[in-house]
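Residues per chain are reported as follows:
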Amino acid sequence: MAANVEGDFTVYHPTGNTTSIYEAAIQYQESQTPTLIIAGKEYGTGSSRDWAAKGTMLLGVRVVIAESFERIHRSNLVNMGVLPLEFSEGGGVLSFGLTGSEKFDFLGIVNQLSPRGQIDVRVQRASGEELIFPATIRIDTPDELVAFQHGGILPYVLRQIVMSQSRPQTDKH
């Protein structure tokens with residue numbers, strides 16, 4: 001998103017300054033501004049190790065919307081509590097003219113999450129123009145949905161452990 005700059009740089013949109021992705025992420029987190037990643041095809045290719053998704057989550061990213069996902073990375077995102085969304089056929093960064101400066105809203109996200117379901121994405125450009133398009137929820141299975149709804153696989157497993165230890169134990173002597 002940073003013009004004429006290669007590497008781990010982006011634009012911090014409130015100021016328009018080019019900075020490292022890490023510094024921008026910290027600034028967005030300090031201002032309690034949720035962030036997302038807008039991507040092209042096969043997002044996550046070459047990064048299927050779980051640390052790629054952990055890094056995404058630790059940077060404060062809560063949604064990745066892409067044209068398509070690398071299979072293992074998509075699963076790792078879900079397990080880290082990051083929502084993978086896929087542009088519907090024919091949609092994408094270029095076709096919608098997305099620059100990264102827009103504000104995004106995910107309509108019905110609280111009530112309509114279902115494996116491979118649809119959700120509407122509302123984009124508001126700085127000009128005030130609004131665009132709404134459908135996206136596919138790339139939580140592919142009911143088990144993934146349960147893990148995602150708990151904030152990822154680790155919080156889900158920890159809750160299961162705590163719940164099992166807080167249940168009254170029966171004496172089986």
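Just so you know, these numbers come straight off a predicted model, no measurement behind them.

Topic: the pattern of salt bridges
Tallying each qualifying case throughout the model produces eight salt bridges. A salt bridge links Arg74 to Asp140; the nearest nitrogen and oxygen atoms lie 3.3 Å apart. Here Asp140 lies in the loop between strand 8 (130-137) and helix 5 (142-149) and Arg74 lies in helix 3 (residues 71-79), a separation of 66 residues in the sequence. You can call Arg74 buried: its relative accessible area is 6%. The closest approach of N and O atoms between Asp105 and Arg122, which form a salt bridge, is 2.6 Å. With a gap of 17 residues between them, Asp105 in strand 6 (residues 103-107) and Arg122 in strand 7 (residues 118-124) connect regions that are remote in the sequence. Overall, the relative accessible area of 29% leaves Arg122 in the partly exposed class.

Concerning the sheet that holds strand 3 (residues 35-38)
Read across the open sheet, the six strands follow the order 3-4-5-8-7-6; overall the sheet is mixed. Every interior strand has two partners, whereas the edge strands, strand 3 and strand 6, have only one. Averaged over all neighbouring strand pairs, the angle between strand axes comes to 35°, with direction disregarded. Relative to strand 7, strand 6 is paired through five bridges, and the arrangement is antiparallel. Bridging from a neighbouring strand, Phe104 pairs with Val123 of strand 7.

Here's the deal with the nonpolar core
Core analysis: the largest hydrophobic core is formed by 23 residues, its most contacted members being Ile65, Leu83, Leu85, Phe87, Leu98, Val121 and Phe133. When contributions to this core are tallied by element, the ones reaching two or more residues are strand 4 (61-66), strand 5 (83-87), helix 4 (93-96), strand 6, strand 7, strand 8 and helix 5. Here the element with the most residues in this core is strand 8; it accounts for four residues. Among residues more than four places away in sequence, those in contact with Leu98 are Ile38, Phe87, Gly92, Val93, Phe104, Val123 and Arg125.

Re the environment of Ala2
Among the secondary structure elements, Ala2 is positioned in the segment before strand 1 (9-12). Residue Ala2 is classed as buried on the basis of its relative accessible area of 10%. When the C-alpha positions of Ala2 and Thr19 are compared, they lie 8.6 Å apart, and in sequence the two are 17 residues distant. Residues within four places of Ala2 in sequence aside, it is in contact with Phe9, Thr10, Val11 and Thr18.

So, the side chain of Glu70
Mapped onto the fold, Glu70 is located in the loop between strand 4 and helix 3. One buried charged residue, Glu70, remains without a salt bridge, the closest side chain of opposite sign being Arg71 at 5.6 Å. Reaching out from Glu70, the side chain makes a polar contact with the backbone nitrogen of Ile72 at a distance of 3.0 Å.

What to know about a nonpolar patch on the surface
Taken together, Ile153, Leu154, Val157, Leu158 and Ile161 make up a surface patch of nonpolar side chains, about 410 Å² in accessible area. Tracing the chain through its elements places Ile153 in helix 6 (residues 153-166).

Conventions used here
Residues numbered from 1 in each chain as written. Predicted model: local features only at pLDDT ≥ 70, side-chain atom pairs only at ≥ 80, totals over all residues. Heavy atoms only, no water. Salt bridge = Lys/Arg side-chain N within 4 Å of Asp/Glu carboxyl O. Helix = DSSP H or I, 4+ residues; strand = E, 2+ residues; numbered from the N terminus. Buried < 20%, exposed > 50% of the residue type's maximum accessible area, 1.4 Å probe, protein only. Pairing = 2+ DSSP bridges. Axes fitted to C-alpha atoms, helices over the stretch in contact; angles between N-to-C directions. Core = buried A, V, L, I, M, F, W, Y, C linked by side-chain atoms within 4.5 Å. Contact = heavy atoms within 4.5 Å. Lys, Arg positive; Asp, Glu negative; His and termini not counted. Polar contact = N/O pair within 3.5 Å; in protein donor to acceptor, adjacent residues only side chain to side chain. Patch = residues over 30% accessible without salt bridge, like charges linked within 9 Å, V, L, I, M, F, W, Y side chains within 5 Å. Areas by Shrake-Rupley, 256 points an atom, 1.4 Å probe, with all protein chains shown as cover.

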